[in-house]
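A closer look at the structure
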Amino acid sequence: MTDRILDRAEKSYFKKGCSPLAQTGRSRLQNQRVGLNQQIIKQMRMRAGAENLLKATSNNKVREMVVLELSYVNSNLQLLMEQLEGLNSSVEVYQNAQETANIPLIPLGLKETKEVDFSVAFKDFILEHYSEDGSSFEDEIADLMDLRQACRTPSRSQAGMELLAKYLNHLPLLESRFFSPTRQTGIFFTWYDSFTGVPVCQQNLSLEKASILFNMAALYTQIGTRSDRQTQAGLEEVVSSFQKAAGILNHLKETFTHTPSYDMSPAMLSMLIRMMLAQAQECLFEKSALPGIRNHFLSLLKMAQEAAKVAETYDHVHQSMIQTPIKDNVPLFWSTMSQVKTNHYRSLAHYFIATALLDHQLRPSDDEDHQEKTLSQVYDCVPEGRSPLDILRKRDHRRRMGKAHLRRAILGHEEALRIHGLCRHLRSLEVLRDILQASLQRSLTKFSGNDSDDEFTDYMEAPDIISKTEHRAEMEMPASTKVKVTDFFQRLGPLSVFSAKQRWTAPRTIRLRPEDRDLGFTLKGETPVQVVSLDPLCQAAADGLKEGDYIVAVGDNECKWMGVSDVMRLLKDVDEEGIDIRVVSMMDSNPPMPTKSATFCGNLPKTYSMICLALDEDEQNPKAHKVTKKSSFLSWGLKNRLKSASTLSLPTADNSGTLPWNKPRPTFPSTSSYNNDSGLY
């Protein structure tokens, strides 16, 4: 599963994903998921057609046949959904091969998508909008399609994460280049719900961005589950991976608040975030227990509260899973596993308290005040008639309280085993069954060693244990989501100017012939340079050059990415025969406001609008270069310099012979007004 690198002529490259034909357990699961998604689509189309026929016909015989067919289709859909649930329950495929001593963790499967062909739509858009030959961008389009295809099978490593992040950071560039707010590209992005297999199709890039983010979180969970949890470094990697997965899912929830796919709905994402943090908290507990738990009174109390914290987080996960409508879409394996872990870690907490009380007696050398304070912080309330100090000092009270905790530990382990037997997929996890049985046997052995004749004469109920942790799992937003990428279509020009939101005229060819080394205009701006202070009487103006035109080529040299000094260098040695330049003009000096997009979050509608303000170029770039300050070869001459420096507009040619000197000078929007092209969702 090594990454391949494809070199291009311009020495650009991108990493490819794993081979979809690789016979690994993970690839086989993804291939099965693809097949199930296709079958679900077929059955849903058949059901939609049968329902439409049932509504349209009045023939009783036809209606009976349609109802019978609908029953078959619904049965097939139910079977397919169960198979998809089985794929989401196949956690053993993602675990570390040497993992035999820890409870398996739950990873997320990657969302599947259909292939997308950008070539026709992008070539047409480049020709119509940018007036360039779309076939000259075939290599760039092929690179983009290869990158997206590779993202369907990322390797389960940091290289695979960088692959997804790279494509994610290319999407805003593509959106600015090709997705205009006033026209549709005709490109459809289809993604399948990871829980139900139902396809969702959209023409904008919001679904594409959200699905890639979901897959990044899913890949982090798969990286975490394959790590070695028998080492400190491996556990740190697991904790970091699940915290990053939770951070990405939270970012997805806050950014894309109205996605049509149910697996990315706010309710489902909230549940997934809790599950990721619960698994990170579980691994933090394992990390603290990895060197060994000291058989010391205070150490056992600390570990009891740590185990209670893990049980509490899994209980919150289970409560969110059984809420409607999440419970109808979450695999039974997940909710059962969270319930098993809740009972298991709660029982561990009671076992640690019991061990601390039964195996340790208060000695004269012990710090009685410190032990009393620690024990009082473990309990929310103690049994009536007893205090933490009485439990510590009196051997009989200490033994009875310890046995009460053991009874709760035994009952909890038995309940965990009972729930484990209810789920078919859980029963196949032999590691989980062995751990639960070993924990139960340990508690039974401890209880039998402290059994006495007063078992039925003095029954005490052990109080609940207050959860507490020194290392709380927190959401972490990985830095890998923001990587620097090179625009595939940078030959189209600077994105701040040449974007899908701007409308341009077709390139015009102007012949420049200097008169006394004077071309009749000045230049300003970053890239590309803009024509300003145009002499209306010069030859270039007569040939069609306009104030505010952008120079895109000088002779055979493309200069969309050239600054003022570079363009000046090309024009400096123009002879009397002149040179051709190509220019474009903006068609809308004041582009219309984009349509407002409404989202729904927290039961309150939020409306966002994108406002593009045309700012004066001189205010944005006070150090803008003008050719008149450097040399005279592009100036008008001495007599016109005073006019160019005045606040009046320059004279323009008029067929009637009049010269409107006081006509307001046209303004052009600043290029910096279009630096931010990202949409709000």
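Remember, predicted model here, so these are calculated numbers, not experimental data.

Burial runs high along strand 6 (residues 550-554): 5 of the 5 residues are buried. Note that strand 6 and strand 8 (residues 579-584) share 4 bridges and pair antiparallel. Bridging from a neighbouring strand, Y550 pairs with V584 of strand 8. Connecting the antiparallel pair strand 6 and strand 7 (residues 557-558) is a turn made up of 2 residues, with G555 showing a positive phi of about 65°.

When the terminal C-alpha atoms of helix 6 (residues 206-225) are compared, their 29 Å separation across 20 residues agrees well with the 28 Å that a helix rising 1.5 Å per residue should span. Counting buried residues in helix 6 gives 20 out of 20 residues, a clear majority hidden from the surface.

If you walk through the whole model with that rule in mind, you get 14 aromatic pairs. Between F195 and W334 the ring centres are 5.4 Å apart and the planes differ by 85°, which places this aromatic pair in the edge-to-face class. Of the two residues, F195 is situated in the loop between strand 1 (189-192) and strand 2 (199-202) and W334 in helix 10 (residues 332-359); the sequence distance between them amounts to 139 residues. On the basis of an interplanar angle of 80° and a centroid distance of 5.6 Å, the ring pair of W504 and Y550 is categorised as edge-to-face. Separated by 46 residues along the polypeptide, W504 in the loop between helix 15 (430-449) and strand 3 (508-512) and Y550 in strand 6 bring together distant segments of the chain. By relative accessible area, W504 is classed as buried at 9%. Members of the aromatic cluster, each reached through a chain of ring pairs, are F118, F122, F125, Y130, F137, F178, F179, F189 and F489. A cation sits over an aromatic face here: K111 above F214, 5.8 Å from the ring centre. Just above the ring of Y351 sits the side chain of R442; from NZ or CZ to the centre is 4.6 Å.

Contact geometry for helix 13 (residues 395-420) and helix 15: axes closest at 9 Å, N-to-C directions at 155°. Relative to helix 15, helix 13 is oriented roughly antiparallel. Handedness of the helix 13/helix 15 crossing: left-handed. Note on element contacts: helix 15 touches helix 13 through L432, R433, L436, Q437, S439, L440, S443, L444, K446 and F447, opposite K403, L406, R407, A409, I410, H413, E414, A416, L417 and H420. By residue class, the composition of the contact of helix 13 with helix 15 is 10 nonpolar, 5 polar and 5 charged.

This paragraph deals with the confidence of the model for the chain. The predicted model of the chain has a mean per-residue pLDDT of 78, with 77% of residues at 70 or higher. Taken as a whole, residues 1-14 scores under 50 in pLDDT and shows 27 contacts with residues more than four places along the chain or in a different chain. Throughout residues 589-681 the model reports pLDDT below 50, and contacts reaching past four residues in sequence, or to other chains, amount to 134 contacts.

What follows covers the nonpolar core. By size, the foremost hydrophobic cluster in this structure holds 131 residues, and its most contacted members are F122, L272, W334 and F489. Setting aside its immediate chain neighbours within four residues, L272 contacts L108, F195, F214, L249, D263 and W334. Of all hydrophobic cores here, the second largest spans 23 residues; its members include L519, A541, V554 and V567.

What follows concerns the pairing of strand 1. Of the two faces of strand 1, the one lined by F189 and W191 and the one lined by T190 and Y192 are each fully buried. One ladder, built from 4 bridges, connects strand 1 with strand 2; its direction is antiparallel. If you follow T190 over to strand 2, its bridge partner there is C201. In this structure, the hairpin formed by strand 1 and strand 2 is closed by a connection of 6 residues, where G197 is found at a positive phi of approximately 80°.

Right, let's get into the environment of R508. In this structure, R508 sits in strand 3. Distance from R508 to D580, taken between C-alpha atoms, is 9.8 Å for residues 72 residues apart in sequence. When near neighbours in sequence (up to four residues on either side) are disregarded, R508 contacts G544, L545, K546, D549, I581, R582, V583, V584 and S585. Among the polar contacts listed, one links the side chain of R508 to the backbone oxygen of G544, at a separation of 3.2 Å.

Cut-off values and rules
Residues numbered from 1 in each chain as written. Predicted model: local features only at pLDDT ≥ 70, side-chain atom pairs only at ≥ 80, totals over all residues. Heavy atoms only, no water. Buried < 20%, exposed > 50% of the residue type's maximum accessible area, 1.4 Å probe, protein only. Helix = DSSP H or I, 4+ residues; strand = E, 2+ residues; numbered from the N terminus. Pairing = 2+ DSSP bridges. Expected span 1.5 Å × (residues − 1). Phe/Tyr/Trp six-rings, centres within 6.5 Å; stacked < 30°, edge-to-face > 60°. Lys NZ or Arg CZ within 6 Å of the ring centre and 35° of its normal. Axes fitted to C-alpha atoms, helices over the stretch in contact; angles between N-to-C directions. Parallel < 35°, antiparallel > 145°, perpendicular 65-115°, else oblique. Left-handed = near helix turned anticlockwise from the far one by under 90°. Contact = heavy atoms within 4.5 Å. Nonpolar A, V, L, I, M, F, W, Y, C, P; charged D, E, K, R; others polar. pLDDT = per-residue confidence, 0-100. Core = buried A, V, L, I, M, F, W, Y, C linked by side-chain atoms within 4.5 Å. Polar contact = N/O pair within 3.5 Å; in protein donor to acceptor, adjacent residues only side chain to side chain.

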